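Chain by chain, the residues:
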Amino acid sequence: RYAYVVEAGTARAGGEFATAPSADEPYSFVVFGDSRSNVGAHRVLVERVGREVPDFILGTGDMVNMGAREQEWRKFFEIEADLLRNNVMFPSLGNHDRTSAGSARYYRDYFSVPENSPSPELYYAFTYGNSRFLVLDSNANSFALTDQTAWLERELRVAVSSPEVRHIFVSMHHPPYSVSLHGGQPELREMWTPLFERYGVDAVFSGHDHCYSRAAKNGVNYFVVGGGGAPLYPRDPRASALDVEATVYFERTYVYVRAQVVNDFVEVAAVRGDGTLIETLSWGELPTR
């Protein structure tokens with residue numbers, strides 16, 4: 001980790017950041033999203049996440065309620081200032097982060113992410129340690145585009161052929177499987193989950209439904225981590241049979257997920273906003289000394 005100071009005129013701000021480890025070194029990251037609406041709950045969750053001292057953060061979208069209102073973005077960054085001065089966030093674009101016309105103006109203005117896709121900033125990829133991360137734009141006017149699906153498959157194909165990549169993680173706003181009010185997105189299940197299964201994606205992190213849930217289907221783990229401050233959603237008694245069959249756990253709670261990666265071993269812990277543990281899931285073999 002490196003300390004830094006930024007100076008602009010008489011203003012000074014500082015913090016620290018971590019550079020990415022080599023492929024044989026362990027690392028950790030935190031996932032949360034849907035922080036809009038409830039400022040108090042958002043602030044409490046962010047304070048808890050800061051105590052984890054992750055190497056970076058994956059955001060599952062809907063950081064604000066109305067993406068066209070600059071003051072909402074300012075409030076978001078005011079709450080997350082202490083966290084983000086010491087941690088890099090890799091965001092995904094939520095439906096509320098856009099304007100009513102579908103523009104992602106402020107999202108583009110405030111975030112600088114890898115520009116390595118046909119739609120720079122809206123979806124992208126990066127490597128961290130021994131893992132490849134694919135951040136997708138799952139909004140209705142984006143996921144149906146053939147260029148994103150073609151790009152996704154190309155990225156997956158390259159990742160599985162790389163000897164240094166042992167894990168593949170995906171982050172996007174809308175969940176393929178969910179038993180809460182929005183439910184799993186059929187179009188995503190049709191277009192993208194076959195690719196996740198074919199290329200051995202470890203886990204998919206989403207938001208959109210304001211809760212915590214975990215699903216598993218054909219070797220892929222699906223986490224809904226949408227309890228960052230938005231109004232919490234209950235379980236939907238009319239959830240589709242496909243969503244019910246895949247879902248392993250559901251809880252209506254503020255939540256973040258902590259993931260630790262050590263060589264082939266991955267451990268994912270879901271933590272409530274008050275700091276209590278919901279559950280822990282792990283896969284792969286922990287290296288022996």
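See the structure above.
Rules used throughout
- Residues numbered from 1 in each chain as written.
- Predicted model: local features only at pLDDT ≥ 70, side-chain atom pairs only at ≥ 80, totals over all residues.
- Heavy atoms only, no water.
- Pairing = 2+ DSSP bridges.
- Helix = DSSP H or I, 4+ residues; strand = E, 2+ residues; numbered from the N terminus.
- Axes fitted to C-alpha atoms, helices over the stretch in contact; angles between N-to-C directions.
- Contact = heavy atoms within 4.5 Å.
- Salt bridge = Lys/Arg side-chain N within 4 Å of Asp/Glu carboxyl O.
- Expected span 1.5 Å × (residues − 1).
- Bend = angle between axes of the 7 residues up to and from the residue.
- Buried < 20%, exposed > 50% of the residue type's maximum accessible area, 1.4 Å probe, protein only.
- Core = buried A, V, L, I, M, F, W, Y, C linked by side-chain atoms within 4.5 Å.

**Student:** Which residues make up the sheet that holds strand E7 (residues 131-135), and what values do they have?
**Tutor:** The strand order E6-E7-E8-E9-E11-E10-E12 describes an open sheet built from seven strands, whose pairing is mixed. A strand with exactly one partner marks an edge of an open sheet, and here the two such strands are strand E6 (124-128) and strand E12 (247-251). Neighbour to neighbour, the strand axes of the sheet diverge by 15° on average, direction disregarded. Relative to strand E9 (residues 203-206), strand E8 (residues 167-171) runs parallel, the two being bridged by three bridges. Within E9, the residue paired with Val170 across the bridge is Val204.

**Student:** So what about the sheet that holds strand E5 (residues 88-91)? Which residues, and what values?
**Tutor:** The six strands are arranged E5-E4-E3-E13-E14-E15 in an open sheet whose pairing can be described as mixed. The open sheet has two free edges, formed respectively by E5 and strand E15 (277-283), since each of these has just one partner strand. Strand-to-strand twist in this sheet, taken as the mean axis angle between neighbours without regard to direction, amounts to 20°. In the packing of helix H1 (residues 39-52) onto the sheet, the strands contacted are strand E3 (27-32) and strand E13 (255-262), and the crossing angle to E13 comes to about 15°. Lying over the sheet, helix H2 (residues 70-84) contacts E3, strand E4 (56-59) and E5, oriented at roughly 130° with respect to E5.

**Student:** Which residues make up the pattern of salt bridges, and what values do they have?
**Tutor:** Enumeration over the complete set of coordinates arrives at 18 salt bridges. Here Lys217 and Glu245 are joined by a salt bridge, their closest N and O atoms 3.9 Å apart. Of this pair, Lys217 sits in strand E10 (residues 212-217) while Glu245 sits in helix H7 (residues 241-246), placing them 28 residues apart in sequence. Overlapping salt bridges, with partners in common, bring together Glu153, Arg157 and Arg198 in one network.

**Student:** If you had to explain unusual backbone geometry to someone new, which residues and values would you point to?
**Tutor:** For Ser37, which is not glycine, the phi torsion reads 85° and is therefore positive. Relative to the elements of secondary structure, Ser37 occurs in the loop between E3 and H1.

**Student:** Outline H2, listing residues and values.
**Tutor:** Along its 15 residues, H2 runs just 18 Å from first to last C-alpha, ending more than 12% under the 21 Å computed at 1.5 Å per residue. Along H2, the sharpest kink reaches roughly 40°, centred on Glu78. The inward-facing, buried residues of H2 contact E3, H1, E4, E5 and helix H3 (105-110).

**Student:** Residues and numbers for the pairing of strand E14 (residues 265-272), please.
**Tutor:** Side-chain positions along a regular strand alternate between the two faces of the sheet. Most of E14 is tucked away: six of the eight residues are buried. The sheet contact formed by E13 and E14 spans eight bridges and is antiparallel. Pairing of Val257 across the sheet is with Ala270, part of E14. Connecting the antiparallel pair E13 and E14 is a turn made up of two residues, with Asn263 showing a positive phi of about 55°.

**Student:** Describe in detail the nonpolar core, supporting the description with residues and values.
**Tutor:** Ranked by internal contacts, the top residues of the largest apolar core, which has 74 residues, are Phe29, Phe32, Phe169 and Phe196. Setting aside residues up to four positions removed in sequence, Phe169 forms contacts with Tyr27, Phe29, Ser131, Arg132, Phe133, Leu134, Asp202, Ala203, Phe205, Val261, Val266 and Trp283.

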